[in-house]
Amino acid sequence: MEPHGLPWLQGLDKPSRLLLHALASSSCGTLAALRLLQRVQPGEGPGPVFPWQTFTTALCAEEPVLDGPEGALALKPRLLLLPVVCQRNLFSLLLVVQALVPGGCLDLLLQALEQDSHVDPWVQALGNLLQQEARAARCCPPPGPLSSTCQQQLRCLGQRIARSNPEGRRKLNWCFSKQPSGTGDGADSVLPGGKHKEVSEESLELDEEREGKGMLLEEVVFDYPGMQEVGDVAGMEEEMPEESSGDGSAQSPDGAAPQSSQQEAPGKVSQAELAVEVQSFLQVHGPRLKMLLQKESSVSLQHPDLSIPPELHILISCSPAQLEGLCSFLQLSTCPEHLLVRFCSWLLVLSPELSYTSAATLAQQLFLRRVLSLTQPPSRHLMAALTSFCSKYSQPFCRVLVAAVLQEPGEGAEQTKLVCELVEECLEPDAVRLVLSQVLEVPLSEKLLPIVQAVLGRQELLPPELFDLLVLTLCRRAPAFSTSLSYARLVMAVLTTYRSQVTPSHRSALAAALDRSDAALRRSLQAVLEGAR
C-alpha cells in the first residue's frame, strides 16, 4: 500500500519519505522500516542519523481537509491523514525503537493522535502502550550496557555459529567487526533487533572477493608513471560469496564454463531431464500461485491480508531452475507494480530466508527488465518494492542489478540516479562497500562518478585495500577527466571525508596525477592537498 493523494510527501526529506514508503508498503511495513533504521550510525560516528525531529514536525503539521459527512473544512495533523496500515506500522515501529527516538518527538505524535476522536482502535491501543512504556522508562531507567567481558563472550559465540553455518554468516557479520574502544560502554553499539551500529570492518564477503588478488603495497601501487590500465582490474574474476546455497547451483559471473562442465560430468541431470523436472514443478505449483496473485490484484488495498500465503513457502525449497521457470510462468517481470510491492512484502517475512542463488534469481526476474528499461524516475510502487527487497537481500541484489547497470552501454541516466538513491538511502554498509568494489572493477566513466560520490557520501569506513584501489583508479583515470567537475568533486571528497585514511603516498600520487588537469581545477585540488598534509 502507498500513501496516495498526499502532495505534502514530496516536501519531506528523502529519509522521511523512504521510511513512510516502507511503513505504507504492506502489513509487513514495520519490519521493512526497522531494517532501514538498523543501518543508521550513532551520532558521534560517521554516517547519517535519521532526522526524527524533522520527521515528527512534518507529521504533526496541520493540513486543511474536508471532515465529516457534511464536508466541513477542518485542520488535521498529517499523521491522521496517513493510511491506517501506515499509522499502525508507525506506532508498532516506535514501540520497538522507542529508546532511540527523542522523548519530545513521541509526546508530539501522541498529542497529534489525541486530536481525532475516531482514531483506529488498533492505533489507539498502540499509542496507549507507548505512553505506558514512556512512563515506565521515566520511573525505572533501562538496564546498563553489557560489560566488555559479556560482549566478548557473545562475539566469540557468534563467530563459532557463523563458522559452522555459512548460510547464516551474513547476519553475524557484526561478530567479526572491530570492537569499540573504551571500557565496555556499549550503550550505543546495538539497535533493538541486534544490528550492530558501529562502523564495521570489511565484511566477510568482501574479504573473500579480495582474497587472492594480493595486497596493494603503497610503493608499488602509487608509482604513477608506470601504472597499468584500469582494464586489468576489470578483468579479474569475482568469487561468489559464501552465502550461496549448498546445492552447488551458484554460478560464476561467466556462467557458461561451470555450467557446461556440470552438464558433462557423470551423474549430472541432463538438459532434457531438467526441463521435465521444471515442467512437472510448474504443473503442480504454478496454477495455485497464479490464482494467488490474481486474487491479490482484485483484493481492495484498504483491507490487506495480514498473513503470508502458505503457497509461497515453496520458494524456499525449489531449485534455481524451478524458480526461474515459476517466475516466467507467473510473468513477474511484467506484473502490475502494486503486486510487486505485495510480493516483496511477503518475501520480507518468508522464513527461513531464501538462499543467495534464489534471491539473485528473484532479483533478476522481478527488477532487471524494469530497471534497465527506465526512461523516467521509477514510480513509488517500484521504489517501494526495490527498498523492501534490498532491506533483506542487498548482496544478491547488488550482484545482479547494480552489476547490470554498470555494464549497460550508453548514458543510463535514470539507472544511475536509481543506484545513487539506493546507495544513499537503502543499502546497508556491507552492500555499499560491495557497490564501490563493483564500480572499481569496470573502467571508470563520467556515468559512474555520481555512484562513487554517493558511496563516499555515506561516509562508511572503507577497508585499506578498497581505499587503495579507489585512489589508484582516480590516479589512473585522471587524464580522461582533466576538465571534469564531477571528478574534481570526487577527489575533493576523498581528501576531506576520508582525510584520516589518506597517507603521504596517496597525496603524492594524486598530486602527480592532477598535473594534467585543467589549470583552475588543479589549483583548487592542490590547495586541498596541501591542507590535508
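Above this text you will find the structure in question.
Residues numbered from 1 in each chain as written. Predicted model: local features only at pLDDT ≥ 70, side-chain atom pairs only at ≥ 80, totals over all residues. Heavy atoms only, no water.

Undergrad: Tell me what's going on with the overall build of the protein, and back it up with residues and numbers.
TA: Tallying secondary structure elements over the protein gives 25 helices and two strands in all. As displayed, the protein offers around 25100 Å² of accessible surface, 55% of which is attributable to carbon and sulfur atoms. (Helix = DSSP H or I, 4+ residues; strand = E, 2+ residues; numbered from the N terminus. Areas by Shrake-Rupley, 256 points an atom, 1.4 Å probe, with all protein chains shown as cover.)

Undergrad: Provide a residue-level description of unusual backbone geometry, including the pertinent values.
TA: Between Ser-351 and the following residue, Pro-352, the backbone shows a cis peptide bond with an omega angle of 0°. If you trace the backbone, Pro-352 turns up in the loop between helix 15 (337-349) and helix 16 (356-372). At Gln-331, a residue that is not glycine, the phi angle is positive and equals roughly 55°. Its place among the elements puts Gln-331 in the loop between helix 14 (320-330) and helix 15. Phi is positive for Gln-459, close to 60°, though the residue is something other than glycine. Relative to the assigned elements, Gln-459 resides in the loop between helix 21 (449-457) and helix 22 (464-476).

Undergrad: I'd like a description of the side chain of Ser-333, backed by residues and values.
TA: Secondary-structure assignment places Ser-333 in the loop between helix 14 and helix 15. Classification of Ser-333 by relative accessible area gives buried; the value is 18%. When near neighbours in sequence (up to four residues on either side) are disregarded, Ser-333 contacts Gln-365, Arg-369 and Arg-370. (Buried < 20%, exposed > 50% of the residue type's maximum accessible area, 1.4 Å probe, protein only. Contact = heavy atoms within 4.5 Å.)

Undergrad: Please set out the packing of helix 19 (residues 413-425) against helix 21 residue by residue, giving values where relevant.
TA: For any two helices packed against each other, the geometry comes down to the angle between their axes and how far apart the axes lie. Two elements in contact, helix 19 and helix 21, have axes separated by 9 Å at closest approach and are oriented at 5°. In terms of orientation, helix 19 and helix 21 fall into the roughly parallel class. Residues Thr-416, Val-419, Cys-420, Val-423 and Glu-424 of helix 19 form the contact with helix 21, whose own contacting residues are Pro-450, Ile-451, Ala-454 and Val-455. Here the contact of helix 19 with helix 21 is composed, by residue class, of seven nonpolar, one polar and one charged. (Axes fitted to C-alpha atoms, helices over the stretch in contact; angles between N-to-C directions. Parallel < 35°, antiparallel > 145°, perpendicular 65-115°, else oblique. Nonpolar A, V, L, I, M, F, W, Y, C, P; charged D, E, K, R; others polar.)

Undergrad: For the pattern of salt bridges, give the residues involved together with the corresponding values.
TA: Inspection of every chain in the model, using the stated rule, returns six salt bridges. The residue Glu-424 makes a salt bridge to Lys-14 at a minimum N-O spacing of 3.6 Å. Highlighted residues: Glu-424 in helix 19 and Lys-14 in helix 1 (residues 14-24), separated in sequence by 410 residues. Residue Glu-424 is classed as partly exposed on the basis of its relative accessible area, which comes to 31%. For Arg-433, the salt bridge goes to Asp-430, with nearest N and O atoms at 2.8 Å. Residue Arg-433 and its partner Asp-430 are both found in helix 20 (residues 429-439); the two are separated by three residues, about one turn of the helix. The pair formed by Arg-433 and Asp-430 is uniform in burial state, with each residue classed as buried. (Salt bridge = Lys/Arg side-chain N within 4 Å of Asp/Glu carboxyl O.)

Undergrad: How would you summarise a nonpolar patch on the surface if you had to cite specific residues and measurements?
TA: Taken together, the side chains of Leu-146, Leu-154, Leu-157 and Ile-161 make up a nonpolar region of the molecular surface, amounting to roughly 340 Å² of accessible area. Residue placement: Leu-146 occurs in the loop between helix 6 (121-139) and helix 7 (148-164). (Patch = residues over 30% accessible without salt bridge, like charges linked within 9 Å, V, L, I, M, F, W, Y side chains within 5 Å.)

Undergrad: Just give me the short version of the environment of Ala-112, but keep the residues and values in it.
TA: The residue Ala-112 is located in helix 5 (residues 103-113) in this model. Separated by 52 residues in sequence, Ala-112 and Cys-60 have C-alpha atoms that sit 6.2 Å apart. In this view, Ala-112 contacts Cys-60, Pro-77, Leu-79 and Leu-80; residues no more than four positions away in its chain are not counted.

Undergrad: Describe the pairing of strand 1 (residues 62-67), naming the residues involved and giving the relevant values.
TA: With six bridges joining them, strand 1 and strand 2 (residues 72-77) adopt antiparallel strand pairing. Paired with Glu-62 across the bridge in strand 2 is Pro-77. Hairpin connection between strand 1 and strand 2: a loop of four residues separates the two successive antiparallel strands, and Gly-68 in this loop has a positive phi of roughly 80°. (Pairing = 2+ DSSP bridges.)

So, to be careful, I would describe these as geometric facts and stop short of saying anything about function.
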